[in-house]
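# An overview of the molecular structure
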Amino acid sequence: MKAIGLQRYLPIQDPESLIDIEVDTPTPTGRDLLVRVKAISVNPVDTKVRAPKPQQEKTPKILGWDVAGVVEQVGPDCHLFKAGDEVYYAGSMTRPGANSQFHLVDEYIVGHKPKCLNFAEAAALPLTALTAWEALFDRLEIDHTPINNNNKSILIIGAAGGVGSIATQLAAMAGLNVIGTASRPETISWARDHGARQTIDHHKGFAEQLKALGIDNVDYIFCLNATDKHWDQMVEIIAPQGKICSIVETHGPLNLSALQSKSATFVWEFMFTRSMYQTSDMIEQHKILDALAELIEQQTIKTTLTETLSPINAANLRTAHARLESGKTIGKIVLENFNV
């Protein structure tokens, strides 16, 4: 089968940073589904894994953690899906990625693709939607019921990115006053169109801007950008007994003691935890993706696809990585269709 991989970790401008390859088509065993890949999406995790470093791979490493496709075969222990089912999912970091014509994935982390979306629209969603859902409802423990969130607020730092675009929608659905950070006219507009009631500029002081909006502090913060840089400001504006969740690794120690007097919580969200550690609740990701599909069918949540490239090949994937690394992207970039 065709695939895109890497053997050396190079700057994305280097044509050898991602290359077209041919590999054997795998066979499903256990709970695995063999999925015919129709569309893939790129995420910051792809560029972080691919980032330049001295090591080399003996056999090409395949990246890619956002897929929409069709089940080709099922393993003997599968009971959630059958051949011919249309699916979408984010996969696991401990297995080969999905930048290939066929892909193996544990059915416990796979959802039924929303019927109202095409494959490209669906491929834009899984990783960001799972991250946003887990952060809001599992890590921050926000109640799903709007009436229970009256007068509660959340600040989403990086509201126009892939995860932010879903988090703003889910938080608004849950009845929170959603404040998103965005700094350009187009990102401000995008954040407001996706559920942010108010916006502030992440390049300026948070407290002063919130006070100008009549807000002294926020009950929740979801940090999607530069945890270290924003830490002191997050500590300042979080409400007593509030909760902060981040998905962005730090480059030094955080002063967690700064949260002590407020009895505030700090928690991480890493979407791959359940699959990486084969947790006992791993099937929750299947349930989340199916729940999201229902919300999409009801037009409560919408896809965040902004650009589609075709076909799926190394040249187009390098283009997508370069755009993501620019830090200027809004929403999600998707690649669809292998030329066969």
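Residues numbered from 1 in each chain as written. Predicted model: local features only at pLDDT ≥ 70, side-chain atom pairs only at ≥ 80, totals over all residues. Heavy atoms only, no water.

### Let's talk about the sheet that holds strand β10 (residues 177–181)
Judged by pairing direction, the sheet is parallel, and its six strands sit side by side in the order β11-β10-β9-β12-β13-β14 without closing on themselves. Each end of this open sheet is capped by a strand with a single partner; those strands are β11 (198–200) and β14 (265–268). Mean inter-strand twist for the sheet, computed between neighbouring axes without regard to direction, equals 20°. Across four bridges, the pairing between strand β9 (residues 153–157) and strand β12 (residues 218–223) is parallel. (Pairing = 2+ DSSP bridges. Helix = DSSP H or I, 4+ residues; strand = E, 2+ residues; numbered from the N terminus. Axes fitted to C-alpha atoms, helices over the stretch in contact; angles between N-to-C directions.)

### Details of the pairing of strand β7 (residues 102–106)
In terms of residue burial, β7 counts as a mostly covered element, since five of its five residues are buried. Where burial is concerned, the two faces of β7 agree: the one with Phe102, Leu104 and Asp106 and the one with His103 and Val105 are both buried. Relative to β7, strand β3 (residues 32–41) is paired through five bridges, and the arrangement is antiparallel. Following the sheet pairing, Leu33 is matched in β7 by Val105. (Buried < 20%, exposed > 50% of the residue type's maximum accessible area, 1.4 Å probe, protein only.)

### Details of the nonpolar core
For soluble globular proteins, the rule of thumb is that nonpolar side chains tend to be buried together. Judged by nonpolar contacts, the single largest core of 85 residues is most densely connected at Leu136, Ile142, Ile154, Ile156, Leu170 and Phe222. With eight residues, helix α3 (residues 126–139) is the largest single contributor of residues to this core. Shared between two domains, this core takes at least three residues from each, and those domains are domain 1 (2–126 + 274–336) and domain 2 (129–272). Excluding residues that lie within four positions of it along the chain, Ile142 makes contacts with Leu136, Phe137, Asn149, Ile154, Ala174, Leu176 and Tyr220. Judged by nonpolar contacts, the second largest core, of 20 residues, contains Phe206, Ile215, Cys223 and Phe266. (Core = buried A, V, L, I, M, F, W, Y, C linked by side-chain atoms within 4.5 Å. Domains from an automatic or database assignment. Contact = heavy atoms within 4.5 Å.)

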